[in-house]
Each structure stands twice: as C-alpha cells, then as structure tokens.
Amino acid sequence: MRVKTTASIVMGALLLAGGVAAQQPINEKWATAPTGEVIIDNMAGSVRVVGWSRNEVQVAGRLGRDARRLEFREEQGATVIRVVMERRARGSEGTRLEVHLPARKGIRIQTLSADVEVEGSRGDVRVQSVSGLVKVSQSRPRTISAASRSGDVQIDAEAEGVTASSTSGSVRVAGAMKRLDASSVSGDVRVSATTPDLRASTVGGTLEVTSLRGRAQLRNVNGPTRVVGRNLSGSFQTVTGILQINGDLSRGEPISLTSHSGDVELRLPAGTSADVQVSTTSGRIRSEIAGARVTPSSPRQQRITLGNGDARVQIRTFSGAVLLRRRT
C-alpha cells in the first residue's frame, strides 16, 4: 500500500490548532493505469469528477475549514482519495475537489453533504450521498448507481444499467439505457430516458415518464402518474393518484393498469387493435372511442374491443373511474 500527501497539507496538520491546513489549495497529479477504480471520500463541500484521455489522476481544489489533510492511497488496484476530518468537525465549510482521471476507470464516491458531479466517464459509476446533489452527465459508463437520502439525483447518460434513488429528493433521468430503476419515497420521479426495461416508483410524488419504449413496472401511492410512450406493456399501479397512459400498445405482451381510488385514463392512437378487460367495484367505466365494441358482463365489468383485439389490456380499480379515449 502506498500513501501520498502533499507537503503543504502535512505541514498544516502539524501546526497549531485552529485549522492552519484549512483553505490550503490542492494541486496534485500522478501517473496511473487506464483501468481500475478511484474511490473518493469527502464529507462536505463538493466533488467534481471529469474523465479524460490521459493515464493520469489530477486533483485540484481547496481544503475546507475542518479538514485535517487530503490523503491518497493506492491499494489493490484502487486509488483512494480521502479528506481526513478533525475529530470534532462541524463541516461548516466543506472541501472542494475537482478530480480528472482516465475515462475508463471505475468511480466510487461517498459523501455526507457534498454535492457530486461526474462527467465524461466510461467506467462503472457508484455515488452515495446523504444530503448532497448527485449528477451524472455526458457519460457512457457500463453501469450507474446513484443515491442520495435527501438530495436530488440527476442522470443524463448512456449506459447498460442505471439505478437512481432518493428518499426525499427528486430523481430525473434522461439519455439512453438498457435497464433503468428510478425511485423516490416522497420526491418526484421524472424519466425522459429511452429504455426498453423500466422500473420506477414513488410514494408521495409525481411519477412522469415521457419517452417509454417497451416494458415498464411503475408504482405510485398518492401522486399522479403520467406515461407517454410506444409499444407499451407491463404493470402500472397507483393507489389514490390519477393514472394516465398515452401511447400505442405492444401486441406481444399484455399491459395491466391497477388503481384503488385513483382514476385510470387510457389514451390510444387511431387504428389501435386491443382487447380491453375492465373491472371496478364502485367506479364508472366510460369509452369515448368511436367504433369500440362494448360487451358488459355486469354493471362493473366490461370488455371493450378495438379493431381485431390484438393487444391485451387489463384494467382494475376499486372506486376509481376508468376512461378510454383517443390520443390527441
């Protein structure tokens, strides 16, 4: 294991109390392999990571008020960059780090309240923060895992798989990916990414998907859910919020829309061919699509056939109303 610290930082750690090391500028660089992993630990302040073509790690910035030193450690193929804090650190002024590294290196970042921004990465990206903003953009990594407890999470990238989550912050995902899992407990979740495999959920926020292409599993409790897409299939669930689906349907896989007391509105383009099975305990059922063949099996159960009935749709509610209309 090799440990490296800057001379100015070491001197600052040895001087009188009062944080002489604080506010010391950071300007370090060293050669490294093009692959492997860089681990960054900064409690407060900010972390900005930029991937570049050089086989070199460069760290710039400034130490915060309660930082004792900045530590570099090479260990088992990983480069560790860690801000060592005073024991009674209050984190009033955080450390600002800007790290340039080989684009193919994996990135793992952990912060308490520091905001994190990653650009130009092609390696796996993993970021965890308690209250900081997490942002990944202009990147093409294999996988992204980004989480913040109370901060927002923003992803705009191309990747094979993405997991983005927040407890009370909002989650926004754009770009293109093969698999996406986006979730928040009380924040909004907004997805404009192109993906054939989507899982998204929130408890108290708005769930909005504007470019779905294929299968999805969506869950909401209290907030509204709005989906626009093509070749739609999968499971869409809500409890009390309205559920609005706008797009054409897959002819190969079924789509299920479920609600307790929230209304369900399905907007379909002209020429749609679908077999729609609707059941509700106390909600109203209404179709505004011209030419639809309605076959009621009971006052609360209907079969609505459009065209040849190729796509399969099942809608269930307890007290929510169900409305079918043409897409405008």
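Bear in mind the structure is a predicted one, so any value in this text is a computation, not a measurement. (Residues numbered from 1 in each chain as written. Predicted model: local features only at pLDDT ≥ 70, side-chain atom pairs only at ≥ 80, totals over all residues. Heavy atoms only, no water.)

Colleague: An account of the overall build of the protein chain is needed here, citing residue identities and associated values.
Modeller: Within the protein chain, the secondary structure is distributed over one helix and 28 strands. A globule of 328 residues ought to have a C-alpha radius of gyration of about 20 Å, yet the protein chain, at 25 Å, is considerably larger. In the protein chain, which comprises 328 residues, the share counted as buried stands at 47%. Surface exposure of the protein chain reaches about 15200 Å², of which carbon and sulfur atoms provide 44%. In the protein chain, which carries 46 positive and 30 negative side-chain charges, the distance between the mean positions of the two groups comes to 3 Å. (Helix = DSSP H or I, 4+ residues; strand = E, 2+ residues; numbered from the N terminus. Rg over C-alpha atoms; globule rule 2.2 N^0.38 Å. Buried < 20%, exposed > 50% of the residue type's maximum accessible area, 1.4 Å probe, protein only. Areas by Shrake-Rupley, 256 points an atom, 1.4 Å probe, with all protein chains shown as cover. Lys, Arg positive; Asp, Glu negative; His and termini not counted. Charge placed at Lys NZ, Arg CZ, Asp CG, Glu CD.)

Colleague: Provide a residue-level description of the nonpolar core, including the pertinent values.
Modeller: Most often, soluble globular proteins keep nonpolar side chains buried together rather than apart. If you look at the biggest cluster of nonpolar residues, it comprises 72 residues, and the most contacted ones within it are V59, I155, F236 and I315. Not counting residues within four places of it along the chain, the set of residues in contact with V59 comprises I26, N27, E28, W30, L70, F72, I81, L97, E98 and V99. (Core = buried A, V, L, I, M, F, W, Y, C linked by side-chain atoms within 4.5 Å. Contact = heavy atoms within 4.5 Å.)

Colleague: Would you mind going over the pattern of salt bridges in detail, with residue names and values included?
Modeller: Taken as a whole and judged by the stated rule, the model has 22 salt bridges. A salt bridge links R54 to E56; the shortest N-O distance between them is 3.7 Å. Note on E56: relative accessible area 19%, which makes it buried. In this structure, the salt-bridge partner of D248 is R230, at a minimum N-O distance of 3.6 Å. Residue D248 is located in strand β20 (residues 243-249), and its partner R230 is located in strand β19 (residues 225-238); the two are separated by 18 residues in the primary sequence. The class of D248 is partly exposed, set by a relative accessible area of 22%. Among the ionic contacts, a cluster of salt bridges with common partners joins E265, R267, R286, E288 and R325. (Salt bridge = Lys/Arg side-chain N within 4 Å of Asp/Glu carboxyl O.)

Colleague: Can you lay out the packing of aromatic side chains for me, pointing to particular residues and giving the numbers?
Modeller: Summed over the entire model, instances satisfying the criterion amount to one aromatic pair. Ring geometry for W30 against F72: centres 4.6 Å apart, planes inclined by 45 degrees, an arrangement best described as tilted. Separated by 42 residues along the polypeptide, W30 in strand β2 (residues 25-31) and F72 in strand β6 (residues 67-75) bring together distant segments of the chain. A residue is classified by how much of its surface remains accessible, and F72, at 2% relative accessible area, is buried. (Phe/Tyr/Trp six-rings, centres within 6.5 Å; stacked < 30°, edge-to-face > 60°.)

Colleague: Provide a residue-level description of the environment of M85, including the pertinent values.
Modeller: Mapped onto the fold, M85 is located in strand β7 (residues 78-85). Linking M85 and S259, residues 174 residues apart in sequence, is a C-alpha distance of 50 Å.

Colleague: Please provide a residue-by-residue account of the side chain of N220, values included.
Modeller: Summarising the element assignment, N220 is placed in strand β18 (residues 207-220). Residue class for N220 comes out buried when judged on its relative accessible area of 3%. At 3.2 Å, the side chain of N220 forms a polar contact with the backbone oxygen of G205. (Polar contact = N/O pair within 3.5 Å; in protein donor to acceptor, adjacent residues only side chain to side chain.)

Colleague: Requested: an account of the environment of V80, with residues and values cited.
Modeller: Looking at the element boundaries, V80 is found in strand β7. According to the relative accessible area criterion, V80 is buried, its value standing at 8%. Distance in space between the C-alpha atoms of V80 and Q237 is 43 Å, their sequence separation being 157 residues.

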